[in-house]
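For reference, the chains in residue letters:
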Amino acid sequence: MNKKIAFITGASAGIGEATAILLAKNGYNLILNGRRANRIKDLQDRLQNEFQTQSHAAIFDIRLKEDVKKAIDEIPDAFKAIDVLVNNAGLASGLSTIDKGSLDDWETMIDTNIKGLLFVSRQVIPGMVERKSGHIVNISSIAGKEVYANGNVYCATKFAVDALNKAMRIELSAYPIRVTGIYPGAVETEFSIVRFHGDEEKAKEIYHGFDSLLAADIADAIYYAVSRPLHVNINEMIVMPTAQPVPGIIHRK
Ligand code: NAP
């Protein structure tokens, strides 16, 4: 198996799924993570049929460090030499001022967006260091560059991803391992349904009346970064809908 291997967290929906499709189309074999095993299975079948992609389903919750270690230890040999890690799994939970926010929501976001990303990275990076090659793509957000009202803890977690993205680049570039941060504005995925705890009507309002980004737009940015020659590191890409110049402004039709 001479194809490159990419490990995508949160591949069962949205940006992760679109990235899996684009990387498969461009000749990668894949390790696909998510908690919803049925979604990952459907994606595996689709990629096998359309692109003859070989893939390994890594069904685990990135918040559970023992599960993360076990699942990554159990990756079959043919997939162990990971070329690209896309730290994509993440979420916003709730949208409210800091005096009214839910502690459970805050904990979920911190555990997933910061600790989960670290648990996965800590298991994958030593292999890259040993092989002296690899590329890590960290999905932050425009919320990791600019704080918006009621975004408080979500923004804090994505600022943390920004810091970790820079830290990884400083510490790993000598090997040489490349590190790229992606900072999207509004992308229409399941993100807002998750943020509003399943309230689909409320989620729809977020995207009404303007052309939001699509998951495939962010997959394009990720593929651009990983397909540059080895001496080129795309440090950061901020990708916004044209109608959303900053997080707090959306020009609706
Ligand atoms: P999405 O459609 O809700 O997809 C999120 C993915 O993350 C799903 O595959 C989900 O899979 C996975 N996930 C969530 N918690 C997980 C956990 N504990 N363990 C394993 N997998 C988990 O949202 P998306 O928009 O594609 O979001 C992807 C990334 O982009 C996130 O980091 C998000 O913060 C970031 N982002 C999104 C936007 C936006 O507007 N959509 C903007 C900027 C940044 P399971 O539920 O199957 O586990």
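It should be emphasised that the depicted structure is a prediction, and the values quoted were computed from it without experimental measurement.

Caption draft 1: A look at the layout of surface pockets. Taken as a whole, the second largest pocket spans an internal volume of roughly 210 Å³. Along its surface, the second largest pocket is lined by Lys4, Tyr28, Asp83, Val84, Lys132, Ser133, Gly134, His135, Pro176, Arg178, Val226 and Leu230. For the lining of the second largest pocket, a count of residues per class yields five nonpolar, three polar and four charged.

Caption draft 2: Inspection of empty space enclosed by the protein at higher detail. Under the definition given, this model contains one cavity of 30 Å³ or more. Here the largest cavity is characterised by a volume of approximately 30 Å³. As for the largest cavity, its lining consists of Thr9, Ile62, Asn87, Asn88, Ala89, Gly116, Leu117 and Val120. For the lining of the largest cavity, the leading source of residues is helix H4 (residues 103-131), giving three residues. Of the residues assigned to the lining of the largest cavity, the class counts are four nonpolar, four polar and no charged.

Caption draft 3: Structural detail: the nonpolar core. By size, the foremost hydrophobic cluster in this structure holds 31 residues, and its most contacted members are Leu30, Leu32, Leu47, Ile218 and Ile222. Mapped onto this core, the elements with two or more residues apiece are strand E1 (5-8), helix H1 (14-25), strand E2 (29-34), helix H2 (37-51), strand E4 (84-87), strand E5 (135-139) and helix H8 (215-226). Per element, the largest residue contribution to this core is seven residues, and it comes from H1. Setting aside chain neighbours within four positions, we find Leu32 in contact with Ile8, Ala11, Ala20, Ile40, Leu43, Gln44, Leu47, Ser55, His56, Ala57 and Ala58.

Caption draft 4: Structural context of the sheet that holds strand E3 (residues 55-59). Overall, parallel pairing links the seven strands, which are arranged E3-E2-E1-E4-E5-E6-E9 in an open sheet. Strands at the two margins of the open sheet, each flanked by one partner only, are E3 and strand E9 (236-239). Adjacent strand axes in the sheet meet at a mean angle of 15°, parallel and antiparallel pairs treated alike. By the bridge criterion, five bridges tie E5 to strand E6 (residues 178-184) in an arrangement that is parallel. Counterpart to His135 in the pairing with E6 is Arg178. Here H2 sits on the sheet and contacts E2 and E3; the angle it forms with E2, its principal contact strand, is near 165°.

Calculation notes
In this numbering scheme, every chain counts its residues from 1 along its sequence in written order. At least 70 in pLDDT is required for a residue's local features to be given in this predicted model, at least 80 for side-chain atom pairs to be given and counted, and no such filter applies to totals for whole chains, interfaces and linings, which use all residues. For the side-chain quantities, the full set of heavy atoms in the structure was used; hydrogens and water were omitted. Cavities and pockets are found on a 1 Å grid laid over the protein atoms alone: a cavity is a set of points where a 1.4 Å probe fits but cannot escape, a pocket is an open set with protein on both sides within 12 Å along at least five of seven lines, and a lining residue has an atom within 4 Å of such a point. Grid points are joined across faces, edges and corners, and a volume is the space filled by probe spheres set on the points. Each residue is assigned to one class: nonpolar for Ala, Val, Leu, Ile, Met, Phe, Trp, Tyr, Cys and Pro, charged for Asp, Glu, Lys and Arg, and polar for all the others, Gly among them. The helix count covers DSSP runs of H or I at least four residues long, the strand count covers runs of E at least two residues long, and both are numbered beginning at the N terminus. Here, the term nonpolar core denotes a set of buried Ala, Val, Leu, Ile, Met, Phe, Trp, Tyr and Cys residues that are joined through side-chain atoms within 4.5 Å. Think of it in three bands: residues with accessible area under 20% of the maximum for their type are buried, residues over 50% are exposed, and the middle band is partly exposed, with areas taken using a 1.4 Å probe on protein chains only. In what follows, a contact means two residues having at least one pair of non-hydrogen atoms within 4.5 Å. The pairing criterion for strands is at least two bridges between them, as found by DSSP. To define axes, lines are fitted to C-alpha atoms, for helices over the stretch in contact only, and angles between the resulting N-to-C directions are given on a 0 to 180 degree scale.

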